[in-house]
Each structure stands twice: as C-alpha cells, then as structure tokens.
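Read off the chains here:
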Amino acid sequence: MLFTAAASLAVLAVAVLLGALGSGRACAAARKGTPASQEGIKKIVKTDEQWKKVLTPEQYHVLREKGTERAFTGAYWDNHARGVYRCAACGLELFDSSTKFDSGTGWPSFWAPIAKPNVTVDSDNALGMVREEVVCSRCGGHLGHVFEDGPEPTGLRYCMNSAALKFEPKK
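Below you will find a few notes about this structure. (Residues numbered from 1 in each chain as written. Predicted model: local features only at pLDDT ≥ 70, side-chain atom pairs only at ≥ 80, totals over all residues. Heavy atoms only, no water.)

It is worth spelling out the pairing of strand E8 (residues 157-160) at this point. Residues of E8 alternate between two faces, with Arg 157 and Cys 159 on one and Tyr 158 and Met 160 on the opposite face, all of them buried. Note that strand E4 (residues 109-110) and E8 share two bridges and pair antiparallel. What sits directly across from Ser 109, in E8, is Cys 159. Bridge count between strand E7 (residues 142-147) and E8: four bridges; the pairing is antiparallel. Note that in E8 the partner of Val 146 across the bridge is Tyr 158. (Buried < 20%, exposed > 50% of the residue type's maximum accessible area, 1.4 Å probe, protein only. Helix = DSSP H or I, 4+ residues; strand = E, 2+ residues; numbered from the N terminus. Pairing = 2+ DSSP bridges.)

Have a look at this one:
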C-alpha cells in the first residue's frame, strides 16, 4: 500500500513537472509582440480607493485582487452574440466574439486577443502551480489565464472572467 501511494505521488509529480515545462511554448508566443507602450496604449493608474468607486465589489475582486468567479456563473460564459469584449475597468478592446469558443470550462474562452498589445501575459506561480496570467495592458486589471489547449489557429485558450469584461454588441 505504501509503495502504491509513493508510485502515485511520483506519477503526479512527473505530470505536474511536464505540464509546467510544456506550458510556456505556446504561451510564450502569446507574450510576443510589441509592448503596449509602443502601440500608443496609455497606461491608467488609480489608487485602490479610486478603483473601488468605479467597479462593483465582484469586479474589484477579480480585476484588482486577482480573484476568480465560479465556473458557469458569469454573464458571458454562454454568450453567443456578436460583438466586442472590453475591459470592465478601463474599456480597452480585448476580444472579438469571432474568436470566442465553447471550451466547456464555464468561463468565456477565446483563441486570440483582438490585438496582442492589448493584453499582457505574465507568469503566475500562485496556488502551487505555474500558469500564464492575462492582464489588461492599459489598466493592469487581472482578466484570467491563457492555456495551450485551445483550437486552431493558435492552440491557445484565453480563459477569462466575465466580471473582468464588458460586452458591446455589434450594431
């Protein structure tokens, strides 16, 4: 029994290690591009008190405290309307509905941002795992994470929090 538990832990450790090493090839491609500052995206900087005045408590928790809404509860996980998803904090265009797909995860998922400079991808080592965090390049708000299990043509899944987004229907 002890041997079985040790073998299971070893298999789990190898799987986590391989996942950590593998995550980064495609996600590194998501990091490439011209820095937002070179694309004319002017940074927005506010104090926590200023953000609390313009965001709902849930938006503040997700965008400023790097929180996550529960799966299948957000406003946009099952939205199929055509339009543009903007940052709920600053209004920067982030994703077009033409890149949205049903990932089965319960969060809105996209295979590419509307423009690479509009999102910034950074390593996130919280919760004992390595993930790639996606933030708004204008205000630094936490949007979600990007994973390498998305559809072609990118193979990426930008898994976003609905609370971090504001949908603007196409007219």
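Moving on from the model shown.
Glancing now at the side chain of Asn 79. The topology assignment puts Asn 79 in the loop between helix H4 (57-65) and strand E1 (83-87). Since its relative accessible area comes to 18%, Asn 79 is described here as buried. Setting aside its immediate chain neighbours within four residues, Asn 79 contacts Tyr 85, Lys 100 and Phe 167. (Contact = heavy atoms within 4.5 Å.)

Further remarks concern H4. The α-helix advances 3.6 residues per turn, and as a result positions three or four apart in sequence lie on the same side. Buried within H4 are the following residues: Gln 59, Tyr 60, Val 62 and Leu 63. Buried residues belonging to H4 abut helix H3 (48-54), E1 and E7. Looking one or two places after H4, you find Lys 66, whose phi comes out positive at around 60 degrees.

A few words now on the sheet that holds strand E9 (residues 165-169). If you walk across this open sheet you meet the three strands as E2-E1-E9, and the pairing is antiparallel. Strands at the two margins of the open sheet, each flanked by one partner only, are strand E2 (93-96) and E9. For this sheet, the mean inter-axis angle between neighbouring strands, taken without regard to orientation, is 30 degrees. The pairing of E1 with E2 spans three bridges and is classified as antiparallel. Looking across to E2, one finds that Tyr 85 is bridged to Phe 95. (Axes fitted to C-alpha atoms, helices over the stretch in contact; angles between N-to-C directions.)

Take the environment of Tyr 158 next. Relative to the elements of secondary structure, Tyr 158 occurs in strand E8. Assessed through its relative accessible area of 2%, Tyr 158 is described here as buried. Taking the C-alpha atoms as reference points, Tyr 158 and Ala 112, 46 residues apart in sequence, are found 7.0 Å from one another.

By size, the foremost hydrophobic cluster in this structure holds 30 residues, and its most contacted members are Leu 143 and Tyr 158. Breaking this core down by element, the ones donating at least two residues are H4, E1, E2, strand E5 (119-124), strand E6 (131-136), E7, E8 and E9. If we skip the residues at most four places from it in the chain, Leu 143 touches Leu 63, Leu 94, Val 119, Val 134, Val 135, Cys 136, Cys 159, Met 160, Asn 161 and Ala 164. (Core = buried A, V, L, I, M, F, W, Y, C linked by side-chain atoms within 4.5 Å.)

Attention now goes to the pattern of salt bridges. Under the criterion given, the structure shown has five salt bridges. Note that Lys 52 and Glu 49 form a salt bridge whose closest N and O atoms lie 4.0 Å from each other. Placement of both Lys 52 and Glu 49 in helix H3 is noted, with a separation of three residues, approximately one turn of the helix. We classify Lys 52 as partly exposed; its relative accessible area is 44%. Between Asp 149 and Arg 157 there is a salt bridge whose closest N-O contact spans 2.7 Å. Residue class for Arg 157 comes out buried when judged on its relative accessible area of 9%. It is possible to trace a salt-bridge network through shared partners that takes in Arg 86, Glu 93 and Glu 168. (Salt bridge = Lys/Arg side-chain N within 4 Å of Asp/Glu carboxyl O.)

Nothing here speaks to function; it is geometry throughout.
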